[in-house]
Amino acid sequence: MEPGCVQAAMAMADISMKASTRNVAVERKNLLTVCRFSVKTLLEKYTAEPIDDSSEEFINFAAILEHILSHRFKGSGSWFDGQRSFWDFIRLACAKVPNSCISSIESMENISTSRAKGRAWMRIALMEKRLSEYIATALRDSRTTRRFYGEGAIMLREEATVLTGMLIGLGAIDFSFCLKGEALDGKSSAVIDYTPYLKFTQSYDYLSDDDDRHSVDSSASDDSIPEHPYIPLVTDEESWSTKCRKMEQRFKIVNAQKGYLEELVRLRESQLKNTETENKRLKTRLEELQSQSQQEKKELEAVVLELQEQLRSFPSTELLSVEISLDSDSQRIEGKQNGGAWCTEKDYTPSMMGLCGSLASIPSCKSLASLKSSECLVNISTENSPALSPS
């Protein structure tokens, strides 16, 4: 192949790579932008009534979030796994979330496909007001995230943190869903409706001089109102009372969000105060244990010193052995002088007491007479005792 053809092929490959990178970046930007608009629309839509599956704003938001969670998803690894969806990622990455709804979704009988389980999880998380918490927890498991998403995915970039920040505001809205029906069948893919976010209003600064002059000239007459598509008009359908009601509704929404955020701040302050109290208690306990250990150390050192002094004051072991041997010799000499070895100061054992009691009987006397040694014998009278007379 000629060098020119090689360079041309390399240039085409470079252009194709740049185009692919741009397309992925544009996809991320579009999805995050419409997600921001969708969240704002839901906040404006919300009143005192909960939002359910019949709301077009929610249907669009669910489709946008599903596209975000499915952006650059790797899909099925093998034929055995079946068709996977973002639910497989959420199920693994959010397994350690306390009191999560993962196990309850897995046990649902009417939901079988992975996509349907993901949609059910999305609705339950919104009703629990924990959607942002789930996604933030899943993003912290970077190993699992890289396993399920390819290069350039929203979940692998810093935009994912922006997404969790967007979803925090949904905690101020009450949602109520029925986990049955066509929305959870998992067969049809979600489609985003971009038309609610494509409304364009041009400011007056960009109008031409002719348009400005025409609008000023026509302001004097009601019959000659220009039909300019960019000039906001006050019609009968949108009177001042309608605007006032809309402003009041918007104020209620903002007030509800303010109350939710204030409650969240109070909760965090309470948790912080409890943590500080626990920290002080543990610090005090640590100081007490340290002082107690120091006191015990001092006491042990004093005991060791006292034992060392006592060992120094005791006589040597040789003197103690000599004294013990002298005491035993003196005790034996005193025993012999008092009439035998039986008359020592030692106590008799029960076996020895039986032997001493048998000296008065005839058999014991005969046995004693046969002994040559008389050192340990008592004097037996030679007179005839009544026991020795014949019967």
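Residues numbered from 1 in each chain as written. Predicted model: local features only at pLDDT ≥ 70, side-chain atom pairs only at ≥ 80, totals over all residues. Heavy atoms only, no water.

So, the overall build of the protein
Along the backbone of the protein there are 13 helices and zero strands. In the protein, the order of α-helices and β-strands from amino to carboxyl end is α-α-α-α-α-α-α-α-α-α-α-α-α. The 391 residues of the protein split such that 25% are buried. Partitioning the intrachain contacts of the protein with sequence separation of at least 6 by distance along the chain shows that 71% fall at a separation of at least 24. Total accessible area on the protein stands at roughly 28,600 Å², and carbon and sulfur atoms take up 56% of it. (Helix = DSSP H or I, 4+ residues; strand = E, 2+ residues; numbered from the N terminus. Buried < 20%, exposed > 50% of the residue type's maximum accessible area, 1.4 Å probe, protein only. Contact = heavy atoms within 4.5 Å. Areas by Shrake-Rupley, 256 points an atom, 1.4 Å probe, with all protein chains shown as cover.)

Describing the packing of helix 2 (residues 56-69) against helix 5 (residues 114-128)
For the pair helix 2 and helix 5, the least separation of the axes is 11 Å and the interaxial angle reads 120°. One finds that helix 2 runs oblique with respect to helix 5. For the pair helix 2 and helix 5, the sense of crossing is right-handed. Counted together, Phe58, Phe61, Ala62, Leu65, Glu66 and Leu69 of helix 2 and Arg115, Arg119, Trp121, Met122, Arg123 and Leu126 of helix 5 form the full contact between these two elements. Grouping the constituent residues of the contact of helix 2 with helix 5 by class yields eight nonpolar, no polar and four charged. (Axes fitted to C-alpha atoms, helices over the stretch in contact; angles between N-to-C directions. Parallel < 35°, antiparallel > 145°, perpendicular 65-115°, else oblique. Left-handed = near helix turned anticlockwise from the far one by under 90°. Nonpolar A, V, L, I, M, F, W, Y, C, P; charged D, E, K, R; others polar.)

What about the nonpolar core?
Grouped together as the largest cluster of nonpolar side chains are 59 residues, with contacts concentrated most on Phe61 and Trp121. Only helix 1 (3-45), helix 2, helix 3 (86-93), helix 4 (102-106), helix 5, helix 6 (131-140) and helix 8 (159-168) provide two or more residues apiece to this core. The dominant element in this core, judged by the number of residues it contributes, is helix 2, at eight residues. Discounting residues that sit within four places of it in the chain, Phe61 has contacts with Cys35, Ser38, Val39, Leu42, Leu126, Leu131, Leu167 and Leu170. (Core = buried A, V, L, I, M, F, W, Y, C linked by side-chain atoms within 4.5 Å.)

Re helix 6
Those residues of helix 6 that fall on the buried side of the exposure criterion are Leu131, Ser132, Tyr134, Ile135, Thr137 and Ala138. Considering only its buried residues, helix 6 is in contact with helix 2, helix 3, helix 5, helix 7 (142-148) and helix 8.

Observations regarding unusual backbone geometry
Here Arg72, not a glycine, exhibits a phi torsion of approximately 60°, which is positive. Tracing the backbone shows Arg72 in the loop between helix 2 and helix 3. Here Arg72 falls in the partly exposed class, since its relative accessible area comes to 38%. In this structure, Asn99 takes a positive phi of about 55° despite not being glycine. Mapping Asn99 onto the fold places it in the loop between helix 3 and helix 4.

Here's the deal with the packing of aromatic side chains
If you walk through the whole model with that rule in mind, you get ten aromatic pairs. Taken together, the ring pairs in this structure connect Phe73, Phe89, Phe148 and Tyr149 into an aromatic cluster. Geometry around Phe177 places Arg123 over its ring, the cationic atom sitting 5.9 Å from the centre. (Phe/Tyr/Trp six-rings, centres within 6.5 Å; stacked < 30°, edge-to-face > 60°. Lys NZ or Arg CZ within 6 Å of the ring centre and 35° of its normal.)

Here we look at helix 3
Three or four residues apart is the spacing at which side chains of an α-helix point the same way, because the helix has 3.6 residues per turn. The buried count for helix 3 comes to six of eight residues, which makes it a mostly enclosed element. Those residues of helix 3 that fall on the buried side of the exposure criterion are Phe86, Trp87, Asp88, Phe89, Ile90 and Ala93. Against helix 2, helix 4, helix 5, helix 6 and helix 7 lie the buried residues of helix 3.

A short note on the pattern of salt bridges
Note on pairing: side chains with opposite charge can pair once their charged atoms come close. For the structure on display, the rule yields 13 salt bridges. Among the salt bridges present, the one from Asp88 reaches Arg91, with a minimum N-O distance of 3.6 Å. Here the residue Asp88 and the residue Arg91 both occupy positions in helix 3, the gap between them amounting to three residues, near one helical turn. Note on Asp88: relative accessible area 13%, which makes it buried. (Salt bridge = Lys/Arg side-chain N within 4 Å of Asp/Glu carboxyl O.)

Structural notes on the environment of Glu66
Among the secondary structure elements, Glu66 is positioned in helix 2. Along the primary structure Glu66 and Phe86 are separated by 20 residues, whereas in three dimensions their C-alpha atoms are 8.1 Å apart. Other than its neighbours up to four places away in sequence, Glu66 contacts Phe86, Arg115, Arg119, Met122 and Ala190.

Some points on the environment of Gly171
As for its position among the elements, Gly171 is in the loop between helix 8 and helix 9 (209-217). Residue classification places Gly171 among the buried positions, given a relative accessible area of 6%. Between the alpha carbons of Gly171 and Tyr260 there is a distance of 7.7 Å; along the sequence they are 89 residues apart. Other than its neighbours up to four places away in sequence, Gly171 contacts Lys129 and Tyr260.

Focus: the side chain of Thr137
Secondary-structure assignment places Thr137 in helix 6. There is a polar contact of 3.2 Å between the side chain of Thr137 and the side chain of Arg140. Contacts of Thr137, omitting those with residues within four sequence positions, involve Ala93 and Val97. (Polar contact = N/O pair within 3.5 Å; in protein donor to acceptor, adjacent residues only side chain to side chain.)

Thoughts on the packing of helix 5 against helix 6
A pair of packed helices is characterised by two quantities: the angle between their axes and the separation of those axes. Two elements in contact, helix 5 and helix 6, have axes whose closest approach is 7 Å; the angle formed by their N-to-C orientations is 120°. Of the possible angle classes, the one that applies to helix 5 and helix 6 is oblique. Taken together, the residues of helix 6 that come into contact with helix 5 (itself represented by Trp121, Ala125, Leu126 and Glu128) are Leu131, Tyr134 and Ile135. In terms of residue class, the contact of helix 5 with helix 6 is made up of six nonpolar, no polar and one charged.

Comments concerning the confidence of the model for the protein
Predicted coordinates in regions of low pLDDT should not be interpreted in detail. Per-residue pLDDT for the protein has a mean of 75; in total, 65% of the residues score no lower than 70. For the protein, per-element mean pLDDT is lowest for helix 9, which scores 43, and highest for helix 2, which scores 94. The low-confidence segment residues 351-391, where pLDDT is below 50, has 17 contacts with residues more than four positions distant or belonging to other chains. (pLDDT = per-residue confidence, 0-100.)

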